[in-house]
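Fold and geometry: a report
Next come the chains, spelled out residue by residue.
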Amino acid sequence: MLKWRLITGFSVAGICLGIIFLLPAWTHMVLLLGIFALAQLEYYEMVTSANRKFLATRQISADEGNGPPDTGYHYELTLTSICGALLLLITAMESPVVISVMEARFPSWVPVPPGRLDFSSYVLAFTPAALLVAGVLRGQTRHAMETFAISYAGFWYIAVLLSFIVRLAFEWPVFENGATNYTGRLYLLLFALLVKFSDIGAYTFGMLWGKHKLIPSVSPKKTVEGLVGGYVFSVGISLICWGLLATWGGGCIGQTRFSLIHAIALPLLLTTTGVLGDLAESLIKRSVGVKDSSSRFPGMGGILDIFDSLLFSAPFMYIYVIQFLKD
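Now for a quick tour of the structure. (Residues numbered from 1 in each chain as written. Predicted model: local features only at pLDDT ≥ 70, side-chain atom pairs only at ≥ 80, totals over all residues. Heavy atoms only, no water.)

1. Quick word on the packing of helix 6 (residues 144–170) against helix 10 (residues 303–325)
Defined as follows: Convention adopted: a line fitted to C-alpha atoms gives each axis, helices being fitted over their contacting stretch, and angles between N-to-C directions are expressed from 0 to 180 degrees. A run of H or I in DSSP counts as a helix once it spans at least four residues, and a run of E counts as a strand once it spans at least two, with each numbered from the N terminus. Angular relationships are summarised with four words: roughly parallel below 35 degrees, roughly antiparallel beyond 145, roughly perpendicular across 65 to 115, and oblique for the angles in between. A clockwise turn of the near helix away from the far one marks a right-handed crossing, whereas an anticlockwise turn of less than a right angle marks a left-handed crossing. In what follows, residue pairs with any heavy atoms lying within 4.5 Å of each other are defined as contacts. Amino acid classes used here: Ala, Val, Leu, Ile, Met, Phe, Trp, Tyr, Cys and Pro are nonpolar; Asp, Glu, Lys and Arg are charged; the rest, including Gly, are polar.
One way to put it is that helix 6 packs onto helix 10 with a least axis distance of 8 Å and a crossing angle of 55 degrees. One way to sum up the angle between helix 6 and helix 10 is to call them oblique. Seen from above, helix 6 lies across helix 10 with left-handed handedness. Contacts from Tyr157, Ile158, Leu161, Leu162, Phe164, Ile165, Arg167 and Leu168 in helix 6 reach Leu304, Asp308, Leu311, Phe312, Ala314, Pro315, Met317, Tyr318 and Val321 in helix 10. Per-class residue counts for the contact of helix 6 with helix 10 are 15 nonpolar, no polar and 2 charged.

2. Looking at a nonpolar patch on the surface
Applicable threshold: Patches draw on residues past 30% relative accessible area with no salt bridge. Two like charges within 9 Å are joined, as are two nonpolar side chains (Val, Leu, Ile, Met, Phe, Trp, Tyr) within 5 Å. Note on areas: Shrake-Rupley with a 1.4 Å probe; residue coverage comes only from the protein chains shown. What makes a salt bridge here is a side-chain nitrogen of Lys or Arg within 4 Å of a carboxyl oxygen of Asp or Glu, nothing more. Here the term buried applies to any residue with accessible area under 20% of the maximum for its type, exposed to any over 50%, and partly exposed to those in between, with areas from a 1.4 Å probe on protein chains only.
The grouping of Tyr203, Met207, Leu208 and Trp209 at the surface amounts to a nonpolar patch, some 470 Å² of accessible area in total. What makes tryptophan 209 partly exposed here is its relative accessible area of 49%.

3. Brief notes about the pattern of salt bridges
Counted under the stated rule, the structure contains 9 salt bridges. Across the pair arginine 138 and glutamate 76 runs a salt bridge whose closest N-O atoms are separated by 2.7 Å. Of this pair, arginine 138 sits in helix 5 (residues 119–138) while glutamate 76 sits in the loop between helix 2 (25–56) and helix 3 (77–93), and the two are 62 residues apart along the sequence. According to the relative accessible area criterion, glutamate 76 is buried, its value standing at 11%. The residue aspartate 305 makes a salt bridge to lysine 285 at a minimum N-O spacing of 2.9 Å. Of this pair, aspartate 305 sits in helix 10 while lysine 285 is found in helix 9 (residues 260–288), placing the two residues 20 residues apart along the sequence. Accessibility classification places aspartate 305 together with lysine 285 in one group, the buried group.

Remember that the coordinates give geometry; whether it matters functionally is a separate question.
Put into structure tokens, the structure is as follows:
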């Protein structure tokens, strides 16, 4: 298990880092859309599996012998996939990096005026309405609310959270001479390092010294000792990055200054949110009765098992960078 976990982990990390640092920005969206598609499929498979189990535990019959048989709830895969993909693409199109490129190439082009709703906000507003309309057109009142809630939860959990990774990557406009701005790419790297080293620390400390269960009803293997290990590893790699930046990078990450206080505060924040994200996915998996979101990645499960802590931490990382690090 550990062997395959290491092979899969290094392979996924290598592919992602290669795309982020060696290929143009549009390929980042291809990567994120690929992650989105796989995550959508896994969520759909988990929900469908839970529905089958739900139907198997009860007598499937018509209401008073007259109505159609109970088919349970389902996930609006097509609609949530369209809305989610639109949200990610529009978020990228409205980002500072795309706007700066468009303004340089098409001077007459005008971005969204300040203070006006942008199109990503439209998607956020109309997605729940579209899900409800889909239920109305289907004309089945039984389990309609469960279908809406599960579908909207999937849209939020995957597309909305993933959109903050898009924002983090594309927040930084290109330089006036057209040169690539690596600030967003460096923050993606820092984000992944802090969250994933927290996961590694939690796994290591939990395996070696884990005795006191954290929340056993949700995740039997999570321990208090593992949580401490997550903080230790995340703060440790953050301090190493801070030292390297102070020595060779002028104490800056791209266009922003990364001071010692941020090198301590940020990993503490992301370790906390990462653990909560891991527990949140465990809650979802336990509620639908599966161990892993899928078996597509040997030793690690599915794409949601790999990105659960990153997804949940993404909004907090973006807000921290915008509020405390970006000038």
